[in-house]
Amino acid sequence: MTETKRSTIQTAIYACAISLIVFAGPVHANDAIAQKAQLDMQAKKITNAFATELKTTLMAAVAKGGLSAGVEVCQEQAPEIAKKYSSHGWQISRTSLKTRNSQNTPNIDEIAILQDFAKRLASGEPAKTVSYSNLNPQSGEYQFMKAIPTGQVCLACHGENISDDLQAKIKAHYPKDTATGFKLGELRGAFSFKYKTATQSSGKN
């Protein structure tokens, strides 16, 4: 084989390899985008179901037993409802910059997202669009957060003017409570979802 022919073949092989690398990149990127879009859709559906059941349960308790009964629902039934929807790989919780239940204290990443949510709400962005999601293709870890604005019904237990009796009830259930002083429309907290996708095999036996 002549040197010229060998060089031509090597050049062709090199060009083919480069084309495969360039082609592979967008395919993996598109796969990740499609996977994230699917997870976003699932997370939003679960959020709506979780929020609806939680609100329905809370309002029913308040209607029957007053605001004190609502505090008990938040302590006893809310975690159980979260567990109910934490299935098939999903881990669901609520968090806030000012928590009532210390077990819902946000981590560093959640704090940054919550601070961003607060700014977005303060700037006038509709609460229904204030969310965050991210999929790490390498680790397969997916995160979704959805803002919970302070509604009118929230102010009785989380606002600036809480009755003494209700305040005592809250302190009895939540000695480390910091979730008061909220104003209508402010960020109350967020639903926080985590999911672990299946990652590609490393090729090791």
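Coordinates for the structure precede this section.
Note that the structure is predicted; figures quoted are calculated from it, not measured.

Asker: So, the overall build of the protein: which residues are in play, and what are the values?
Answerer: Counting its secondary structure elements, the protein contains 5 helices and 4 strands. Listing each helix as α and each strand as β along the protein from the N terminus yields α-α-β-α-β-β-α-α-β. Burial analysis of the protein (205 residues in total) assigns 31% to the buried set. Accessible surface, the protein: about 12,900 Å² in total, of which carbon and sulfur atoms supply 56%.

Asker: Let's hear about helix H3 (residues 108-122): which residues, and what values?
Answerer: The terminal C-alpha atoms of H3 lie 21 Å apart, and with 15 residues this matches the ideal 21 Å at 1.5 Å per residue to within 8%. Here H3 has its buried residues at Glu110, Ile113, Leu114, Phe117, Arg120 and Leu121. One side of H3 holds all its buried residues, which, seen down the axis, span an arc of 120°. Facing away from the buried side of H3 by more than 90 degrees, the exposed set consists of Ile108, Lys119 and Ala122. Looking at the buried positions of H3, the neighbouring elements they touch are strand E1 (90-95), strand E2 (131-136), strand E3 (141-149) and strand E4 (187-196). Where H3 begins, one side-chain oxygen reaches toward the backbone nitrogen of Asp109, 3.1 Å away; that side chain belongs to Asn107.

Asker: Residues and numbers for the packing of aromatic side chains, please.
Answerer: Scanning all chains against the criterion turns up 6 aromatic pairs. Residues Trp90 and Tyr142 carry aromatic rings whose centres are separated by 5.9 Å and whose planes lie at 85° to one another, so their mutual orientation is edge-to-face. Residue Trp90 is located in strand E1, and its partner Tyr142 is located in strand E3; the two are separated by 52 residues in the primary sequence. The buried category is assigned to Tyr142, whose relative accessible area is 2%. Ring geometry for Trp90 and Phe193: centres 6.1 Å apart, planes at 70°, overall edge-to-face.

Asker: Kindly report on the pairing of E2, identifying the contributing residues and their values.
Answerer: Relative to E3, E2 is paired through 6 bridges, and the arrangement is antiparallel. In the sheet register, Ser131 faces E3, and the bridge partner there is Lys146.

Asker: So, the pattern of salt bridges: which residues are in play, and what are the values?
Answerer: Two side chains bearing opposite charge may form a pair once their charged atoms approach each other closely. In the structure shown here, the tally under the stated rule is 7 salt bridges. The partner of Arg120 in a salt bridge is Asp116, with the nearest N and O atoms 3.5 Å apart. Here Arg120 pairs with Asp116, and both are found in helix H3, just 4 residues apart, close to one helical turn. Taken together, the salt bridges that share partners define one network made up of Asp116, Arg120 and Glu125.

Asker: Explain the nonpolar core residue by residue, including any values.
Answerer: Core analysis: the biggest nonpolar cluster contains 17 residues, and Phe50, Trp90, Ile92, Tyr142 and Phe193 have the highest contact counts within it. For this core, the secondary structure elements donating two or more residues are helix H1 (3-65), helix H2 (67-85), E1, E3 and E4. A total of 5 residues in this core trace back to one element, the largest contributor, which is H1. Once residues within four sequence positions are removed from consideration, Phe193 is found in contact with Ala43, Ile46, Thr47, Trp90, Gln91, Ile92, Tyr142, Gln143 and Phe144. By size, the runner-up hydrophobic cluster in this structure holds 9 residues, among which are Leu114, Phe117, Leu121 and Leu187.

Asker: An account of the state of the cysteines is needed here, citing residue identities and associated values.
Answerer: This structure, assessed with the given rule, holds 0 disulfides. The cysteine Cys154 is free of any disulfide, with Cys157 supplying the nearest cysteine sulfur at 8.7 Å. Free of any disulfide, Cys157 has its nearest neighbouring cysteine sulfur in Cys74, separated by 6.9 Å.

Asker: Outline the sheet that holds E4, listing residues and values.
Answerer: Spatially, 4 strands are ordered E1-E4-E3-E2 in an open sheet, and the strand pairing comes out antiparallel. The open sheet has two edge strands with one neighbour each: E1 and E2. Across the sheet, the mean angle separating the axes of adjacent strands is 15° when strand polarity is ignored. Here E1 runs beside E4; their pairing, made up of 6 bridges, is antiparallel. Note that in E4 the partner of Thr95 across the bridge is Ala190.

The rules behind the values
The written sequence of each chain sets the order in which its residues are numbered from 1. A pLDDT threshold of at least 70 governs which residues receive local features in this predicted model, and a stricter bar of 80 or more applies before side-chain atom pairs are shown or counted, although totals over entire chains, interfaces and linings include all residues. The side-chain quantities take in all heavy atoms of the structure and omit both hydrogens and water. In this text, helices come from DSSP runs of H or I with a minimum length of four residues, and strands from runs of E with a minimum of two, each type numbered from the N-terminal end. Burial status follows relative accessibility: with a 1.4 Å probe on protein chains alone, a residue under 20% of its type maximum counts as buried, one over 50% as exposed, and anything between as partly exposed. All accessible areas in this document rest on Shrake-Rupley with a 1.4 Å probe, and a residue is counted as covered only by the protein chains that are shown. The length a helix should cover is 1.5 Å for every residue beyond the first. What the arc measures is the spread of directions leading from the helix axis to the C-beta atoms. By definition, residues are in contact when any of their heavy atoms lie within 4.5 Å. Pairs of N or O atoms within 3.5 Å make up the polar contacts considered here, provided that, within protein, one atom can donate a hydrogen while the other can accept it, and that residues adjacent in sequence are counted only when both atoms are side-chain atoms. Aromatic contacts are taken between Phe, Tyr and Trp rings whose centres are within 6.5 Å, Trp giving its six-membered ring; a plane angle under 30 degrees counts as stacked, one over 60 as edge-to-face, and the others as tilted. Paired strands are those between which DSSP finds at least two bridges. A pairing counts as a salt bridge when a side-chain nitrogen of Lys or Arg comes within 4 Å of a carboxyl oxygen of Asp or Glu. Throughout this description, the term nonpolar core refers to a set of buried Ala, Val, Leu, Ile, Met, Phe, Trp, Tyr and Cys residues connected via side-chain atoms within 4.5 Å. What counts as a disulfide here is a pair of cysteine sulfur atoms lying within 2.5 Å. As a rule, the C-alpha atoms of each element are fitted with a line to give its axis, helices using only the stretch in contact, and angles between N-to-C directions run from 0 to 180 degrees.

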